[in-house]
Amino acid sequence: MNKEQARLLLMDYMYGELDEAKKSELLDFIDQHDDLKQEFEELTETQSFLHHLPVQDPAEQLVIMEPTKASSEGFWQNILTALTPRNAFAQAGFGVAVLAFVFIVTGALTGLNVSYTDAGVQLGFGVIPSAEKTFSAAQVEQIVQQIQRDNVALVQQVVADAQEQQNIQLEETFASFASYLESQRTNDLQLISSGLEDLKENTFTRFQQNEQVLGEIIQTVSYGN
Amino acid sequence: MQHDKMEDARLVQDFLGGNHQAFNTLVSRWQGKIHHFAYRYFASSDDAAEITQKTFIKAYQKLDTLDDVNKFSSWLYRIANNLCLDELKRVGRKRATSYETLKVAPQTETASSADSNVLRNEGLVLLHKALLQLPNDQRVVVIMKEYEGLTFPEIAEILDEPINTVKSRMYYGLRALKKTFDSWNINKEVFNYE
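Because the structure is predicted, anything quoted here is derived from the model rather than measured.

(A) Representation of the overall build of chain A within the structure. Across its full length, chain A carries six helices and two strands. Secondary structure elements of chain A, listed N to C terminal, follow the sequence α-α-α-α-α-β-β-α. Here chain A holds 225 residues, and 4% of them are scored as buried. Residue pairs at least 24 apart in sequence account for 26% of intrachain contacts in chain A once pairs closer than 6 positions are excluded.

Have a look at this one:
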């Protein structure tokens, strides 16, 4: 026996779960080890403290109420049990029949329609519109060619319109530029004319001034003679 | 004890046979013990009542899964213990905080108190708090052994642990309690006064 084993046996001994043979063996071992003896006394004292711990009783008695037997779930369960056959083969047949019944009832309620055409089976709810007539390959080719022709004509029309629009804009631009040039030329002529008038007037003024000066000079010279 | 087990087994069989009242008889036989167990686990009447209620509801729902009707008591304690652990997980942070507070809160100077009655009551409060400070795995063993009177094999079966592990937890639990009592100056004089 070692100390660890003795400690485990000590637990049995403290709570009266150790048989007599092991009990004497344990007590002999404890007598030989003072530290174990000390532990034993301490644990016994601790155990005696724990006995004083008070406890509170439950405030009220619990009662588990029996569930009501006439529940709707139980009712339907009983019906299902009563209707379901015991034989496995019969159960499979019963299952198929139930599925078919559910399918028919659901179809009737939702307006399920099943129709067969050359293309296959068609499922739908409510009134199923009749399938539209399809085109042959030649008709499709003709339609495609017609669409292509229309597209070409449309493109040509668009290009012609764009060309015409461009020409109009160009003409307007030229007209505007010519008008601008004409206006500029008129202004220039007016400026030139105005300049010539000013020059003419200045020349005339200076000519008069010269005549006047010459007259005064002649008159001065005449008086001097 | 053996007679009690046989009576429990008979009641379980009666219930499984359709006698609903047999379960209520089991409740009346075990409600006090489960309540005491949960009360010592949490030191709270409210928690104890809640755990007790949940334990019996679960037992009612799952009793048909009990393999051996002779092990009803162990099975019931296992349910209660699992519910206590669930509750600890649910409010673990809150409880952990309160335990931390407890480590420094008790300041009772038992030797200097004038009123011995008060002194004794305070001692009991500290005793409960000391129990709460134990790690969960040690606390449940101490409670089951010290207060529920279960044997080590029974506790091992409930906790699904080896017997020596259970004894070891009991030993270290008592050692930890001794250490706590010493640090809080709790001695036999506190409890000897009547």
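(B) The arrangement of unusual backbone geometry in detail. All names here are of chain B. Phi is positive for Ala43, which is not a glycine, with a value near 55°. Within the fold, Ala43 resides in the loop between helix 2 (20-42) and helix 3 (45-62). Using a count of 16 C-beta atoms within 10 Å as the deciding quantity, one classes Ala43 as partly exposed.

(C) Quick peek at the interface of chain B and chain A. Counting residues at the interface gives 36 residues for chain B, matched by 26 residues for chain A. Counting residues per element, the ones that place at least two in the side of chain B that touches chain A are helix 2, helix 3, helix 6 (116-132), helix 7 (136-147), helix 9 (163-183) and helix 10 (188-192) of chain B.

(D) Just helix 3 of chain B, in detail. Residue and element names in this part refer to chain B. Across its 18 residues, helix 3 extends 25 Å between first and last C-alpha, which sits within 8% of the 26 Å expected from 1.5 Å per residue. Regarding helix 3, the residues found buried are Ala48, Ile51, Thr52, Thr55, Phe56 and Ala59. In an axial view of helix 3, the angular spread of the buried residues amounts to 130°, which keeps them on one side of the axis. In helix 3, the exposed residues that point more than 90 degrees away from the buried face are Asp46 and Gln61. Residues of helix 3 that are buried in the fold lie against helix 2 and helix 4 (72-90).

(E) Focus on helix 9 of chain B. All names here are of chain B. Under the 1.5 Å per step criterion, the end-to-end length of helix 9 is 30 Å for 21 residues, consistent within 8% with the ideal 30 Å. By the burial criterion, the buried members of helix 9 are Val166, Lys167, Arg169, Met170, Tyr171, Gly173, Leu174, Leu177, Thr180 and Phe181. Among the residues trailing helix 9, Asn185 stands out with phi positive, at a value near 60°.

Reading guide: rules and limits
Residues numbered from 1 in each chain as written. Chains lettered and ligands numbered in written order. Predicted model: local features only at pLDDT ≥ 70, side-chain atom pairs only at ≥ 80, totals over all residues. Helix = DSSP H or I, 4+ residues; strand = E, 2+ residues; numbered from the N terminus. Buried ≥ 20, exposed ≤ 12 C-beta atoms within 10 Å, placed from the backbone. Contact = placed C-beta atoms within 7 Å. Expected span 1.5 Å × (residues − 1). Arc of directions from axis to C-beta.

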